[in-house]
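Remarks on the overall topology
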Protein chains: 4
Amino acid sequence: MSSCFCDKAIERTADDVATNAQDKLVQSSDPKHPANLICTLCKLFYYNNWVTGTGGGISIKDSKSKYIYIAPSGVQKEQLQPEDMFVMDPETDAYVRTPQKYKPSACTPLFMACYKRRAAGAVIHTHSQHAVMCSLIFGNEFKIANIEQIKAIPSGEKDPVTGKDINLSFFDTLAIPIIDNTAHEEDLVGGLQMALHQYPAATAVIVRRHGIYVWGPSVEKAKVFNEAIDYLMELAVKMYQLGIPPDCGIGDEKKHLTL
Amino acid sequence: MSSCFCDKAIERTADDVATNAQDKLVQSSDPKHPANLICTLCKLFYYNNWVTGTGGGISIKDSKSKYIYIAPSGVQKEQLQPEDMFVMDPETDAYVRTPQKYKPSACTPLFMACYKRRAAGAVIHTHSQHAVMCSLIFGNEFKIANIEQIKAIPSGEKDPVTGKDINLSFFDTLAIPIIDNTAHEEDLVGGLQMALHQYPAATAVIVRRHGIYVWGPSVEKAKVFNEAIDYLMELAVKMYQLGIPPDCGIGDEKKHLTL
Amino acid sequence: MSSCFCDKAIERTADDVATNAQDKLVQSSDPKHPANLICTLCKLFYYNNWVTGTGGGISIKDSKSKYIYIAPSGVQKEQLQPEDMFVMDPETDAYVRTPQKYKPSACTPLFMACYKRRAAGAVIHTHSQHAVMCSLIFGNEFKIANIEQIKAIPSGEKDPVTGKDINLSFFDTLAIPIIDNTAHEEDLVGGLQMALHQYPAATAVIVRRHGIYVWGPSVEKAKVFNEAIDYLMELAVKMYQLGIPPDCGIGDEKKHLTL
Amino acid sequence: MSSCFCDKAIERTADDVATNAQDKLVQSSDPKHPANLICTLCKLFYYNNWVTGTGGGISIKDSKSKYIYIAPSGVQKEQLQPEDMFVMDPETDAYVRTPQKYKPSACTPLFMACYKRRAAGAVIHTHSQHAVMCSLIFGNEFKIANIEQIKAIPSGEKDPVTGKDINLSFFDTLAIPIIDNTAHEEDLVGGLQMALHQYPAATAVIVRRHGIYVWGPSVEKAKVFNEAIDYLMELAVKMYQLGIPPDCGIGDEKKHLTL
């Protein structure tokens, strides 16, 4: 797909002259460079039906420069090119690179809140239908318990010796806060910050009738958390459809089967 | 797939001699050329189960020549080649290119109605099962409200300053007219034109037990509208299956949960 | 996938010497050659979940030699190579090519029945879950009416002038016979032949709790019929889940909605 | 995806010097080499939603060296590289290759149990949602009967003449034991061994609220069994949703239809 919508080849010459210094920030042959990785992940997310119709977004913090890379708003995510990226200096909250013809993502304030309050290395925002369905079924908290996949999610506790995150155990309950949506994405910041405050262990926040924000200490972790949580939300909807509360006790599921 | 059904390589030599001038209209190395883009999009639509079994169709207006490119009828959409395209001059409604061995798309009159009454830049027609299911659940209007993805769809109003389209807000209700199907696709024109008249803001029309027509000022916009609307129709069916009216008020969903 | 399971590269040398004349029948640079096309289609079918777990099969009649190409039995369909194909002479029902290490497909007698009683150009057999579900919901006939996609299926009537197949109209009802499964695939021939007799217009037969056989005058037509019928069976199950009889009259669907 | 997360290119130089002898065990140009095949299959499983979020695992026994290759734990399965593999000598249960920076798979003791008690050639472990749903619907046994796809699964009996496995017939019932999950994957060994003892014919064990383990005499067979069983579990959930017991007698399904 990508190749057939982008006329960057034409634009690039102009850009290069105009903003050469800025473009160095997004030009790299390393597939793990944030500008390249955002493009790769957006393609994957697109084919997962998470960011179709220009929905969703993603941001990665460069581990070396500490600069924050952000996909632009209202664009076809599967067709992003490295030169489409905004780059922000978290020290000053100023853009050190602004692509012509795009406007900054409305998700930016939410991404920044995760970087600042959670020392995130990356933040993923999708319009996953599993998240939307869970936000319709559940109240202010998505809860699922006693499913193996829960073990991919951190509990919030750290190993006293290694200092590494300790993940949830099979017998734990995963709880993800659900906040109400607002007219403008940037207005979600208040609700997000309250959720971050009330759920110090949370690595994700579901936005009702909208989607989900997932973050992690690195882009690899954020990607894994997003996959695991989406798997659990998908499973929760299936359980609910059979009458089984997703957080019911082991063995209790049989009492709830409606068929 | 594509490569294994088309023996164009053999036919081309013959064609080239016969209709060289016409073929210039569909030969371009630019992946954004309408003849190439239609092929790329039809492959994507095929793998989305939107145009299998020769269903659906697509048309793009060339922004330079103003000529209208149309995929032929009754062919395997995922295997289309640029030289399969019909090209029409909207000034005269005459074909300036007619591929041998294919018949014009039965969708042509509907595509033309969108170009003329809506100044469309492209029109997409799919047999999306989500559209068919919504046409069975809903009466003469598909309605969904208070879902973030709605914000990808234009409201019909324009910004007085910039003149740009203003999209729906999260708190709005998206309404898409549903017209009844006819024995012959071309006979849908009457219903389509009435819907265009009654819904001046509509960027799509659902055809009951058939599929959907989606258009936009450019092919990029038409693709985004089609993706966003399909996402919303898919979500609406899931909401309906849980007993939730897709256009119910925020917070009212809990009253409707059947489980 | 394919490349990583097949060690044909090693085997080929041996084969070539041993059965060179036979191998000429399956070696072609033309992607439309039956031996190549079966491999391509089986990959597509595999990713559609139609032939996983070695299920299903496909056969194509070469329009020039009239020889019949058949995929072997009990193999991973997505990994087939041209040299894996059986080739049969329909005049003598004798194999003119038998690959070492494979046994003929148990579907062969059913494929041959379609070739002889229906002048088929290709026969597709899948384990589509939509076919299995419809065979559980319906009795001896799968019926669906008033859906646009029906128009991809021939009615059995021919145009008196052109002699071409006339397809079903939107207002028609598609009826596909459902036969009961047997312990051994070859024993399905009796049921298939009775169905072919009772349904002279049928281009497919559903096998209860098993899958579906679809044929057509050419491989392109058989592929299109299979896609269109699978789309209709998938839609029928969705309609049934909402309480709507798939063959109910236009407008009657609302009376049946259970929610 | 793979290419954009792995920085092996940088690490490799260091590794090669350090553990050259060990690396020979995972370096091969043969796509069927266990180290390569594990990578290929994990990509396939990832796109089937079987091993997302670092879930699942796979192990293959090299038919020549008899060494056992095992994917590491807690890694993104779709991005595995041959040099990420652990290699164990089943004679001594000692690792003959241990990749730096990874920890052995928690599945290892379960894989070894299958190798030793079932003479397995490969073991596949997925977090298939169909397995989890079946473990919620069923008690201590998943049962499905009279479905063609069952014929891909061995019955446990062998042909007295050829000594080959005899598969289940269409009229048989497939029964797969369901064991309860434990806090730590390695603690599943007890339950697995009891199931292997009680179900001498079983080629798979479902772990409640977790996933499934599937094995076979070769990696090709294990892959086929896993695909066929996943197909049957998916179908069983669909049957259950319509009120049909997946193991009900032929013809009895109509009595159970809830609609």
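Every residue gets a number counted from 1 within its own chain, in the order that chain's sequence is written. Written order determines the labels here, with chains lettered from A and ligands numbered from 1. pLDDT decides what is reported in this predicted model: residues at 70 or higher carry local features, side-chain atom pairs at 80 or more are listed and counted, and totals for whole chains, interfaces and linings draw on all residues regardless. No hydrogens and no water enter the side-chain calculation; it runs on all heavy atoms of the structure.

1. Concerning the overall build of chain A
The helix and strand inventory of chain A stands at seven helices and eleven strands. We take the radius of gyration over the C-alpha atoms and set the globule estimate at 2.2 Å times the residue count to the 0.38 power. Against the compact-globule benchmark of 18 Å for 259 residues, chain A has a radius of gyration of 19 Å, which places it among compact chains. The dimensions of chain A, computed from C-alpha atoms along their principal axes, are 70 × 45 × 35 Å. Within chain A, the fraction of its 259 residues that count as buried is 58%. In this description, contact between two residues means that some pair of their heavy atoms is separated by no more than 4.5 Å. Counting only contacts in chain A whose residues sit at least 6 apart along the sequence, the fraction spanning at least 24 positions is 61%. In this text, helices come from DSSP runs of H or I with a minimum length of four residues, and strands from runs of E with a minimum of two, each type numbered from the N-terminal end. Classification of residues uses two cut-offs on accessible area relative to the type maximum, computed with a 1.4 Å probe and protein chains only: under 20% is buried, over 50% is exposed, and between them is partly exposed.

2. Brief notes about the packing of aromatic side chains
Residues and elements named next belong to chain C. Ring pairs are drawn from Phe, Tyr and Trp, using the six-membered ring of Trp, whenever the two centres fall within 6.5 Å, and their geometry is named by plane angle: stacked under 30 degrees, edge-to-face over 60, tilted for the rest. In total, this model carries 24 aromatic pairs over all chains according to the counting rule given. The interplanar angle of 65° and the centroid separation of 6.1 Å between the aromatic rings of F111 and Y213 together place this pair among those described as edge-to-face. On the criterion of sequence distance, the pair formed by F111 in helix 4 (residues 108–118) and Y213 in strand 11 (residues 211–216) is long-range, its members being 102 residues apart. Across the pair, exposure class does not vary: F111 and Y213 are buried alike.

3. A word on the relation of the copies chain B and chain C
Overlaid copies result from least-squares superposition on C-alpha atoms, with residues included only where pLDDT is at least 70 in both. Taken as rigid bodies, chain B and chain C are interconverted by a rotation of 90° and an axial shift of 0.0 Å, the fit giving an RMSD of 0.0 Å. What we have between these two chains is a four-fold relation. For chain B, the residue whose C-alpha comes nearest the rotation axis is Q241(B), separated from it by 6.3 Å.

4. Notes on the interface of chain D and chain A
The parts lose accessible area when they come together, and the size of an interface is often stated as this lost area. Counting residues at the interface gives 37 residues for chain D and 35 residues for chain A. Buried area is a sum: the accessible area each of two parts loses on coming together, probed at 1.4 Å, counted once for each and added. Summed over both partners, the interface of chain D with chain A comes to about 3000 Å²; 59% of that surface belongs to carbon and sulfur atoms. Salt bridge, as applied in this entry: a Lys or Arg side-chain nitrogen positioned within 4 Å of an Asp or Glu carboxyl oxygen. Connecting chain D to chain A are two salt bridges. In protein, a polar contact means a hydrogen-donor-capable atom and an acceptor-capable atom, both N or O and within 3.5 Å, with residues adjacent in sequence counting only if both atoms are side-chain atoms; elsewhere, any N or O pair within 3.5 Å suffices. Connecting chain D to chain A are 21 residue pairs in polar contact (both at pLDDT 80 or more). Breaking the side of chain D that touches chain A down by element, the ones donating at least two residues are helix 3 (34–47), helix 5 (129–137) and helix 7 (219–241) of chain D. Counting residues per element, the side of chain D that touches chain A draws most heavily on helix 5 of chain D, at six residues.

5. Some remarks on the sheet that holds strand 5 (residues 122–126) of chain A
Residues and elements named next belong to chain A. When DSSP finds at least two bridges between two strands, those strands are taken to pair. The sheet built from nine strands is open, its strands ordered 4-3-2-1-5-11-10-9-6 with mixed pairing. Of all strands in the sheet, those with a lone pairing partner are strand 4 (94–97) and strand 6 (141–145), marking the two edges. The average angle at which neighbouring strand axes cross in this sheet is 25°, direction not considered. As defined by bridge partners, strand 1 (residues 57–61) adjoins strand 2 (residues 68–70) across three bridges and the pair is classed as antiparallel. Within strand 2, the position partnered with S59 by the bridge is I70. For every element, the axis is a line fit to its C-alpha atoms; helices are fit only across the contacting stretch, and the angle between N-to-C directions ranges from 0 to 180 degrees. Each of strand 1, strand 5, strand 6, strand 9 (173–179), strand 10 (204–207) and strand 11 (211–216) touches helix 6 (residues 219–241); the most contacted strand, strand 11, lies at about 145° to it.

6. Observations concerning the packing of helix 5 (residues 129–137) of chain B against helix 7 (residues 219–241) of chain C
Direction vectors running N to C along helix 5 of chain B and helix 7 of chain C enclose 35°, while the axes themselves pass 11 Å from each other. Crossing of helix 5 of chain B over helix 7 of chain C shows right-handed handedness. Residues Q129(B), V132(B), M133(B) and L136(B) of helix 5 of chain B lie in contact with helix 7 of chain C, whose contacting residues are Y231(C), E234(C), L235(C), K238(C) and M239(C). Each residue gets one of three labels, nonpolar for Ala, Val, Leu, Ile, Met, Phe, Trp, Tyr, Cys and Pro, charged for Asp, Glu, Lys and Arg, and polar for the others, Gly among them. For the contact of helix 5 of chain B with helix 7 of chain C, the class distribution of residues is six nonpolar, one polar and two charged. Less than a right angle of anticlockwise turn of the near helix away from the far helix marks a crossing as left-handed, whereas a clockwise turn marks it as right-handed.

7. Remarks on the side chain of S59(C)
Mapped onto the fold, S59(C) is located in strand 1 (residues 57–61). If we ignore the near neighbours within four places in the chain, the residues touching S59(C) are I68(C), Y69(C), I70(C), F111(C), Y115(C), A122(C) and V123(C).

8. Thoughts on helix 2 (residues 34–47) of chain A
Residues and elements named next belong to chain A. Taking 1.5 Å per residue as the helical rise, helix 2 with its 14 residues ought to reach 20 Å, and the 20 Å between its terminal C-alpha atoms agrees with that figure. By the criterion of burial, helix 2 is predominantly enclosed, with eleven of the 14 residues buried. In the stretch just after helix 2, N49 is the one whose phi turns positive, near 65°. Given a helix with a known number of residues, its expected span is that number minus one, times 1.5 Å.

9. Focus on the arrangement of the chains
Chain C makes no contact with chain A, the minimum C-alpha separation between the two being 13 Å. Nothing in chain B touches chain D; the tightest C-alpha to C-alpha distance between them is still 13 Å.

10. So, the UniProt feature "domain: Class II aldolase/adducin N-terminal" (unreviewed entry) in chain A
The sites that UniProt annotates as "domain: Class II aldolase/adducin N-terminal" (unreviewed entry) are residues 36–237 of chain A. Each end of residues 36–237 of chain A is marked by a C-alpha atom, and these two atoms are 34 Å apart; helix forms 30% of the span and strand 25%. UniProt positions are given in the numbering used here, feature names are shortened, and annotations may be inferred rather than shown by experiment.

11. Observations concerning the UniProt feature "active site" (unreviewed entry) in chain A
As annotated in UniProt, the feature "active site" (unreviewed entry) corresponds to E148(A) in the numbering used here. In this structure, E148(A) sits in the loop between strand 6 and strand 7 (154–158). Once residues lying within four places of it in the same chain are set aside, the contact partners of E148(A) are F170(A), H127(D), N181(D), E185(D), R209(D) and H210(D).

12. Description of the interface of chain B and chain C
Facing 37 residues of chain B, the contacting portion of chain C comprises 35 residues. Overall, the association of chain B and chain C removes approximately 3100 Å² of surface from exposure, summing both partners, and the carbon and sulfur fraction of that is 59%. For the pair chain B and chain C, the interface holds two salt bridges. Taken together, the links from chain B to chain C amount to 21 residue pairs in polar contact (both at pLDDT 80 or more). Of all elements in the fold, only helix 3 (34–47), helix 5 and helix 7 (219–241) of chain B reach the threshold of two or more residues within the side of chain B that touches chain C. The greatest single-element share of the side of chain B that touches chain C, amounting to six residues, is contributed by helix 5 of chain B. Classifying every residue of the side of chain B that touches chain C gives 13 nonpolar, 19 polar and five charged.

13. Regarding the pattern of salt bridges
Two side chains bearing opposite charge may form a pair once their charged atoms approach each other closely. Per the counting criterion, the structure on display carries 48 salt bridges over all chains. A salt bridge links D93(C) to K116(C); the shortest N-O distance between them is 2.7 Å. Remark: K116(C) occurs in helix 4 and D93(C) occurs in the loop between strand 3 (86–89) and strand 4 (94–97); sequence separation between them is 23 residues. By relative accessible area, which is 39% here, D93(C) ends up partly exposed. The closest approach of N and O atoms between E148(D) and K151(D), which form a salt bridge, is 3.0 Å. On the accessibility criterion, K151(D) (23% relative accessible area) is partly exposed. It is possible to trace a salt-bridge network through shared partners that takes in E78(A), K223(B) and E227(B).

14. Focus: the environment of T258(A)
With respect to the helices, strands and loops of the structure, T258(A) is situated in the segment after helix 7 (253–256). Excluding residues that lie within four positions of it along the chain, T258(A) makes contacts with L242(A) and G243(A).

15. Describing the domain arrangement of chain A
Residue and element names in this part refer to chain A. Looking at chain A, the domain boundaries give domain 1 (1–105) and domain 2 (120–259). Taken together, the contacts link 15 residues of domain 1 with 16 residues of domain 2. Of the roughly 1100 Å² buried between domain 1 and domain 2, counting both surfaces, carbon and sulfur atoms make up 62%. Taken together, the connections running from domain 1 to domain 2 amount to one salt bridge. Our count for the domain 1 to domain 2 interface comes out at five residue pairs in polar contact (both at pLDDT 80 or more). Elements that contribute at least two residues to the side of domain 1 that touches domain 2 include exactly helix 2 and strand 1. For the domain bounds, the source is a domain assignment made automatically or taken from a database.

16. Re the side chain of R118(B)
All names here are of chain B. If you trace the backbone, R118 turns up in helix 4 (residues 108–118). Within the structure, the side chain of R118 is placed 3.3 Å from the backbone oxygen of P200, a separation counted as a polar contact. Here the side chain of R118 touches A202 through a polar contact of 3.3 Å, landing on its backbone oxygen. Residues contacting R118, with those up to four places away along its chain left out, are A113, L196, Y199, P200, A201, A202 and W215.

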